[in-house]
Amino acid sequence: MNEAKRREREENMKKEYIIPVFVPHLGCPNDCIFCNQKSISGQRKNITKEDAKKTIEYFLNNIKDKEAKKEIAFFGGSFTGIEVKKQEELLQIAYEYIEKGQVNSIRISTRPDYIDKETLKRLKKYKVKTIELGVQSANDYVLGRANRGHTFKDVQKASKLIRWYGFELGHQMMVGLPESNRIDEINTAKALIKLKPKIIRIYPVLVIKGTKLEKEYNEGIYEPLTVVQAVEISKQLVTMFTNKKIDVIRVGLQNTEDICEPGTQNSEVVAGPFHPAFRQLVESSMWYDAILNKIKKLNVQVKEVQVTVNPIDVNNVIGHKKENVIKLKETYEVDLIVKQDENIKQGKSKIEITKKYNDFLEENQNIKEEVKK
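Residues numbered from 1 in each chain as written. Predicted model: local features only at pLDDT ≥ 70, side-chain atom pairs only at ≥ 80, totals over all residues. Heavy atoms only, no water.

Participant: Summarise the packing of aromatic side chains; cite the residues concerned and give the values.
Facilitator: Tallied over the full model, the rule gives five aromatic pairs. For the pair F22 and F75, a centre-to-centre distance of 6.2 Å together with 45° between the ring planes defines the contact as tilted. In this pair, F22 is assigned in strand β1 (residues 16–23) and F75 in strand β2 (residues 69–76), connecting sequence segments 53 residues apart. Given the relative accessible area of 24%, F22 is considered partly exposed. By relative accessible area, which is 13% here, F75 ends up buried. (Phe/Tyr/Trp six-rings, centres within 6.5 Å; stacked < 30°, edge-to-face > 60°. Helix = DSSP H or I, 4+ residues; strand = E, 2+ residues; numbered from the N terminus. Buried < 20%, exposed > 50% of the residue type's maximum accessible area, 1.4 Å probe, protein only.)

Structural data, given as C-alpha cells:
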C-alpha cells in the first residue's frame, strides 16, 4: 500500500463525532401535520450565536479523542429558509472552528424547495460539506396530506443541484404518514436511490403533542403503525439502501427527555412506534431473517447454529433483550451461539450449523446408556 492510500485509509477509519446545533422551526414556513420541532429537537427557544458557540464549545471540551473527525450539524428547522443574515451569522461561527482546525466540516438540513444556486454558493463559501433534505415521501398526494408544501419534483431538482455543486447529499424519509402504505414507502426508497444520496435517515411517524396529527389521532382519523409494523417496513428499506451502498445513518427518532415512551413523565409522544432501541430492533430482525434463511435452506432439522460476527454486531445478532436467542429456541427449538471475530467485516457473518437434531438424539442416547452402566 503506497503512502497516499495508507493515509487515506487511516483518515477514513477515524471516529466521527457530530456536534448538533438545533435551530427549531427557524426558516420553516409550514406546520407539517406531524411536526413540533421544539419537542423533536428538545429545544424550547430560538438559538442565538452565543447559544451556538456555547454548544460547540461544550461538545469540543467533552470529546476525548482529539484526533477524531468532528462535524457541526445545524438540525431542526429549514436552515436555508432562515433570514440570510442569520444563516451567515451561524455559518461564520462554525467556519471559525474549521479555520482553527478544531472541526472538520459542517452539515445542514433543510427543505427541498429552499435550495437554489445562490443558496448553494453561500453554503460553499462557508465550507458546508453535507446537505440533508427532508423528503418524507415521493408521493405528491401523501406530501399534500402531510401539509409539506412542496412536491417530489422539488426534491429531484434540489438533489441534482446539490450533487452538481459538489456537496454530499442526504435524504430523510418517513414511514407511516397519513394515507401512506408500504407500497408508497418502497416506491419512495426506489425514487431516492435514483437520486444517489450518500446518506439516508428513516423516521417512523410518531404522534407528537401539539400537532395536527394528534388531533387526527384523537378523532380516530389517523392510526399510527405498531412497533412491529414499523420494524418490518424499516428493515426492508434499510436492505434496499444498503444494497445500493447508501449509508443509513439513523433509523427512528433519537431518544430524548421529550421523545420517550408514551405516557411517561415529560414525554411529548402521544402514540406511535416509539422504542428507545428502534434501530437495534430493525437490525436484529434482519439478522434473525438471515439466520433463519440459512437454516431453511438445509434439508435437515437443526438443533444448534453458530454465528460468528464482528464484535460491533454481537448485540444485534443476539437481539434486544436476547430476543433472537429466545425466539429461535421457542419457535424452532434451535440454540443460537454467537462468537466474535474482529477479522470479519461489520455487517458480515459466518453462519455454521454446529449441531443437527439427529446428533442431539444420538448424544442423549449415549448419555442414557452411560447412566445405565
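Participant: Please provide a residue-by-residue account of helix α8 (residues 182–194), values included.
Facilitator: With 13 residues, α8 extends 19 Å between its outermost C-alpha atoms, agreeing within 8% with the 18 Å of an ideal straight helix rising 1.5 Å per residue. Those residues of α8 that sit buried are D184, E185, I186, T188, A189, A191, L192 and I193. Looking at the buried positions of α8, the neighbouring elements they touch are β4 (128–136), α6 (140–145), α7 (152–164), β5 (168–175), β6 (199–204) and α10 (227–243). At the N-terminal boundary of α8, the capping side chain belongs to N181, with an oxygen 3.0 Å from the backbone nitrogen of I183. K196 sits one or two positions beyond α8 and adopts a positive phi of about 55°. (Expected span 1.5 Å × (residues − 1). Contact = heavy atoms within 4.5 Å. Polar contact = N/O pair within 3.5 Å; in protein donor to acceptor, adjacent residues only side chain to side chain.)

Participant: Break down unusual backbone geometry for me, with residues and values.
Facilitator: One non-glycine residue, N266, adopts positive backbone phi at about 75°. Tracing the backbone shows N266 in the loop between β8 (247–251) and β9 (269–271). Of note in the backbone geometry, K322 takes a positive phi value of approximately 60° without being a glycine. Here K322 shows up in the loop between α12 (314–318) and α13 (323–332).

Participant: Break down empty space enclosed by the protein for me, citing the residues and quoting the values.
Facilitator: For the coordinates displayed, the defined rule picks out one cavity of 30 Å³ or more. Roughly 60 Å³ of internal volume is contained in the largest cavity. Lining the largest cavity are P204, L206, G252, L253, P273, F274, H275 and F278. Split into classes, the residues belonging to the lining of the largest cavity amount to six nonpolar, two polar and no charged. (1 Å grid on protein atoms, 1.4 Å probe; cavity = no way out; pocket = protein on both sides within 12 Å on 5 of 7 lines; lining within 4 Å. Points joined across faces, edges and corners; volume = space filled by probe spheres on them. Nonpolar A, V, L, I, M, F, W, Y, C, P; charged D, E, K, R; others polar.)

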